[in-house]
Amino acid sequence: MKKISFLVCMLIFAVNSFAISIIEGNKYIIEKKEIVISFKECKNNMINIKAYKKNTKIKESSFYINLDESQSQVLKNQDKYKVGRYLIREEKNGYSLWNGDVKLYESSFELVNSGIKEYKDCLNKERFYGIGEASDKVVLNGMEFQLRNNAEYGNQARLYIPFYFTNKGDSFYYNINTGDIINFSDKKEAKVENITNNEILDYYYWNTKSPQESVDEFYKLSNSYSLLPKWSFGYIQSKYGYENQNEVIDLINKFEAKKIPISAVVLDLQWFYTMGDLDWDKNKWKAPKELKTFLNSKDVKLITISEPFYTVNSKNYKEYEDNGIFAKDINGNTVTWSDWWCFGADYGAILNPIAPNAKKIAGKKYQQMSEMGIDGFWTDLGEPENTPESAYFSNFTEQEFHNYYNKEWSKLIYESMNEKYPDKRLFILSRSGFTGSAAYGVSIWSGDSTSSFEGLRKQVAMGINSGLTGFSYWGCDVGGFESGKQKPNEELFVRWMQFGTFIPIFRAHGAMSPREPWIYSGKSEDIITKYIKKRYEFLDYIYSSAFETYLQGTPIMRPMFYSYSNDENLIENETQYMFGDYIMVVPITAKNKKSIKIYFPEECYDINNFEKIEKGEKEVKVSLEDIPVYFIKGAIIPTEKDGNKILTIIPGKDSSFTIYLDDGISNNYKSGNYNKIEIKTSKNGIIINSMVEEKRVIRVLKDGVEFKNSIWKDDGKFMTYELNITKGENKIDY
């Protein structure tokens, strides 16, 4: 018999079915009557699955994730085939995937119209999570999503990331096409329908032991690692909008007079004259250089808005048209139309960020904006909003390119800035994006929300979902965007500002009404001021948590099940979350609340009075002054107050935390140019390994610790010690 080393074929016959199983080196293929399913192992122990109509020519897309293949050979194992660490078994209309003797899921396929439908059964009544900033629920069971980015005024922006995972470790990433559908069954089952209008359904699968591992692997798969400048984690003030230079100067002076810290101010549409100018309206902003000098003297950064649209009367329209960097129709003519952003102009057009000259021409505009003294870019309307179907972006229709638009726009800005200012760390505030956008210095926000308690409630899940799907640096319009040109409700504004203190990006913003901390005087202003100051107290903790996003793919804002995956009480929890490793936050999202039920996953301590709360569900009294925020047992929290650096230790279990230190503004961190202070605690004491020298007050909660070392001073609930940290190991015994 002739030996064929590279191809082994086996015919499988079953009642009413016909299939051929083929091994081609590192690839396993099931050929059915109408559909072909291929499997290959890729790096990181992932498996790539493609299902497509027979005789379809597979075309790789530059917008898809395409992992390197493993060279491990496919092996036959009884009625299954071993592909990497997994076993595949051919089923009547598809396949099942196994890990040893454990069946993980089963998929079947059918042709629908011009595309393919997959029915997936994850078998174990699992909960589904992910899909991006698309839902105001964390658990996705019972929900259907059509994956086309859009913005709903007065509700939210919907930013779809085709990654979902389960509490049992099943993890899927789909190379989707705009408009594909994912439909999750209710909680009685664990089934998913995936429908594409494309000829190929292309996805990756990996199985993990915990949600944390699933998310970590997704950050790696999507290259969603980045680190924003440190100033962006402070308090950012915005509204629609500040009208002129004097108003901004008065604003910053008022912050200073009231002793309220601020890191950046944002200018909306009022900074330019015509949509697409990307330049100052000199009638309102008469001396931008003087404004920048003033802001620099106050250590306040400047962020300005830009959109992908250019009206015919804008400064840049002719240059863009002449260089062919607007979207075209099928005949090669610029697609123009009139929309609200024309503001009286006859028509406008949209930038094509992947046009050959786009980076050279449009990228230079952002370089010039930086030269004007602008520190961060706010990219709005980049879904892109209301763009005609007739538009082509190079060779892609609007439908084909839609979900990728904002990512390519961010990439254009990032690469242009990096070419001219390679040492400057970028900050982009964006309303949309796609898989991997975060790598370009992107922070997203949840869109034009309604200023209501229901609007506030939705933010919790959207922030959690964003962090799970590659966007650790999430924020929202604190106070709510749409409030009918009136100030937000006073209680609502206080609650939203309290929530904003403990989210990754803290930025107040609203439409045609104020959002400054003092819009309500007296008690409300005092509470808000206290919380903004608290934000800065925790800035080292927040920035170090951001470093973990860059290094490990760990989101700052995490669902409770991420940290406590074995606690069944938390698999559906979406009213509280972890902020970094050691802070648990419970926002108040309803009016006139006097008490709230909270589930404590372990012993926790109130961050204000350090009252201890035992594990389990508790009814907790609340007041307007504070929202429930807790340190968990074992917490290590670096803070700074009034110039004093403090390290707070909550004993109870062995723990560790790393403080990351760098200049906060350059890209030197990418080459490892940063310092670390590594802290480890045990029942016997603290070990600090440091790359720098600094003075820090160590304070340890007395609870459960017997202090024998005479260096410790009694300070009420704490024992304290002022330590001059030296380079190398610093050991402090209790």
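Placed above this text is the structure.
For the structure given in this document, a descriptive report is provided here.

Calculation rules
Residues numbered from 1 in each chain as written. Predicted model: local features only at pLDDT ≥ 70, side-chain atom pairs only at ≥ 80, totals over all residues. Heavy atoms only, no water. Helix = DSSP H or I, 4+ residues; strand = E, 2+ residues; numbered from the N terminus. Rg over C-alpha atoms; globule rule 2.2 N^0.38 Å. Buried < 20%, exposed > 50% of the residue type's maximum accessible area, 1.4 Å probe, protein only. 1 Å grid on protein atoms, 1.4 Å probe; cavity = no way out; pocket = protein on both sides within 12 Å on 5 of 7 lines; lining within 4 Å. Points joined across faces, edges and corners; volume = space filled by probe spheres on them. Nonpolar A, V, L, I, M, F, W, Y, C, P; charged D, E, K, R; others polar. Phe/Tyr/Trp six-rings, centres within 6.5 Å; stacked < 30°, edge-to-face > 60°. Lys NZ or Arg CZ within 6 Å of the ring centre and 35° of its normal. Pairing = 2+ DSSP bridges. Axes fitted to C-alpha atoms, helices over the stretch in contact; angles between N-to-C directions. Expected span 1.5 Å × (residues − 1). Contact = heavy atoms within 4.5 Å. Salt bridge = Lys/Arg side-chain N within 4 Å of Asp/Glu carboxyl O. Parallel < 35°, antiparallel > 145°, perpendicular 65-115°, else oblique.

Thoughts on the overall build of the protein chain
- Each helix and strand in the protein chain was counted, giving 12 helices and 48 strands.
- What you see for the protein chain is a C-alpha radius of gyration of 27 Å, in line with the 27 Å of a compact globule of 734 residues.
- The C-alpha extent of the protein chain, read off along each of the three principal axes, is 85 × 75 × 50 Å.
- Considering the protein chain as a whole, with its 734 residues, one finds that 61% of them fall into the buried category.

Thoughts on the layout of surface pockets
- By volume, the largest pocket amounts to about 1100 Å³.
- Lining the largest pocket are 38 residues, with Pro-261, Lys-533, Tyr-536, Glu-537 and Glu-640 sitting closest to its centre.
- Among the secondary structure elements, those contributing two or more residues to the lining of the largest pocket are α2 (245-257), α10 (523-537), α11 (539-552), β40 (636-641) and β41 (644-649).
- Tallied by class, the residues present in the lining of the largest pocket amount to 16 nonpolar, six polar and 16 charged.
- Approximately 570 Å³ is the volume attributed to the second largest pocket.
- Lining the second largest pocket are 22 residues, and of these Ser-61, Tyr-64, Asn-177, Asn-198 and Glu-400 lie nearest its centre.
- Broken down by secondary-structure element, the contributors of at least two residues to the lining of the second largest pocket are β19 (200-207) and α6 (398-401).
- Split into classes, the residues belonging to the lining of the second largest pocket amount to six nonpolar, eight polar and eight charged.

Digging into the packing of aromatic side chains
- Summed over the entire model, instances satisfying the criterion amount to 75 aromatic pairs.
- The ring of Tyr-81 has Lys-76 lying over it, and the distance from NZ or CZ to the ring centre is 5.6 Å.
- One residue, Lys-120, lies across the ring of Tyr-203, its end atom 4.8 Å from the ring centre.

Observations regarding the sheet that holds strand β42 (residues 655-661)
- With respect to topology, four strands assemble into an open sheet ordered β42-β43-β44-β48, the strand pairing being antiparallel. In this open sheet, the two edge strands, each paired with only one partner strand, are β42 and β48 (728-733). Neighbouring strand axes in the sheet, compared pairwise and without regard to direction, differ in orientation by 15° on average.
- Pairing geometry for β42 and strand β43 (residues 675-681), over seven bridges, is antiparallel. Residue pairing for β43: Ser-656 is matched across the bridge by Lys-680.

Side note on the pairing of strand β3 (residues 27-31)
- Bridging between β3 and strand β4 (residues 35-42) involves five bridges; their strand directions are antiparallel. Considered in β4, the bridge of Lys-27 is made with Lys-40.
- The turn linking β3 back onto β4 is made up of three residues.

Considerations on empty space enclosed by the protein
- Tallied over the full model, the rule gives four cavities of 30 Å³ or more.
- Considered as a void within the structure, the largest cavity measures approximately 40 Å³ in volume.
- Every residue along the wall of the largest cavity is listed here: Tyr-414, Met-417, Asn-418, Lys-424, Leu-426 and Asn-667.
- When its residues are assigned to classes, the lining of the largest cavity shows three nonpolar, two polar and one charged.

Here we look at helix α5 (residues 358-371)
- Helix length check: α5, at 14 residues, gives a terminal C-alpha distance of 19 Å against a target of 20 Å (1.5 Å per residue), a fit within 8%.
- Among the residues of α5, those classed as buried are Ala-358, Ile-361, Ala-362, Gly-363, Lys-365, Tyr-366, Gln-367, Met-369 and Ser-370.
- Buried-residue contacts for α5 involve β22 (301-306), α4 (317-322), β25 (376-379) and α7 (405-420).
- Phi turns positive one or two residues past the end of α5, at Gly-373, with a value near 105°.

Notes on the sheet that holds strand β33 (residues 577-579)
- Strand order in this open sheet of six strands is β32-β33-β34-β39-β36-β37, and the pairing throughout is antiparallel. The sheet terminates laterally at β32 (557-559) and β37 (612-613), the two strands that pair on one side only.
- In this structure, β33 lies alongside strand β34 (residues 583-585), joined through three bridges in antiparallel fashion. Its bridge partner lying in β34, Phe-579 is registered against Ile-583.

Considering the pattern of salt bridges
- Tallied over the entire structure, the rule returns 50 salt bridges.
- With its nearest N and O atoms 3.4 Å apart, the salt bridge here joins Asp-79 to Lys-80.
- The class for Asp-79 is partly exposed, based on a relative accessible area of 41%.
- A relative accessible area of 13% means that Lys-80 is categorised as buried.
- A salt bridge links Glu-694 to Arg-696, with the nearest nitrogen and oxygen atoms 2.5 Å apart.
- Three or more residues joined by partner-sharing salt bridges are found here, namely Lys-230, Asp-540, Glu-640, Lys-645, Glu-694 and Arg-696.

Side note on the environment of Gln-552
- Inspection of the secondary structure puts Gln-552 in helix α11.
- Residues Gln-552 and Asn-55 lie 497 residues apart in sequence; the distance between their C-alpha atoms is 41 Å.
- Apart from the residues lying within four places of it in its own chain, the contact partners of Gln-552 are Asp-216 and Tyr-225.

Side note on the packing of helix α8 (residues 453-468) against helix α9 (residues 490-501)
- For the pair α8 and α9, interaxial distance at closest approach is 10 Å and the crossing angle is 10°. When the axis of α8 is compared with that of α9, the two are roughly parallel. Listed contacts from α9 to Phe-453, Gly-455, Leu-456, Gln-459 and Val-460 of α8 are Glu-491, Leu-492, Arg-495, Trp-496 and Phe-499.

Brief notes about the environment of Asn-689
- Within the fold, Asn-689 resides in strand β44 (residues 685-690).
- Given a relative accessible area of 31%, Asn-689 falls into the partly exposed group.
- Taking the C-alpha atoms as reference, Asn-689 lies 41 Å from Pro-162; in sequence the two are 527 residues apart.

Some thoughts on the pairing of β40
- Where β40 meets β41, six bridges bridge the pair, whose relative direction is antiparallel. Within β41, the position partnered with Ile-637 by the bridge is Thr-648.
- The turn linking β40 back onto β41 is made up of two residues, and Asp-642 within it adopts a positive phi angle of 55°.

Here we look at α8
- When the terminal C-alpha atoms of α8 are compared, their 24 Å separation across 16 residues agrees well with the 22 Å that a helix rising 1.5 Å per residue should span.
- Following α8 by one or two positions, Gly-470 adopts a phi angle in the positive range, close to 100°.

Some details on unusual backbone geometry
- Put simply, Tyr-240 and Gly-241 share a cis peptide bond, and its omega is -15°.
- Relative to the helices and strands, Gly-241 resides in the loop between β20 (235-237) and α2.
- The amide bond that connects Glu-383 to the next residue, Pro-384, takes the cis arrangement and shows omega of 0°.
- The residue Pro-384 is located in the loop between β25 and β26 (392-393) in this model.
- At Lys-125, a position not held by glycine, the phi torsion is positive, near 50°.
- Among the secondary structure elements, Lys-125 is positioned in the loop between β11 (115-121) and β12 (128-133).
- Using a relative accessible area of 57% as the deciding quantity, one classes Lys-125 as exposed.
- At Asn-592, a position not held by glycine, the phi torsion is positive, near 55°.
- Following the sequence through the fold, Asn-592 ends up in the loop between β34 and β35 (595-600).
- According to the relative accessible area criterion, Asn-592 is exposed, its value standing at 53%.

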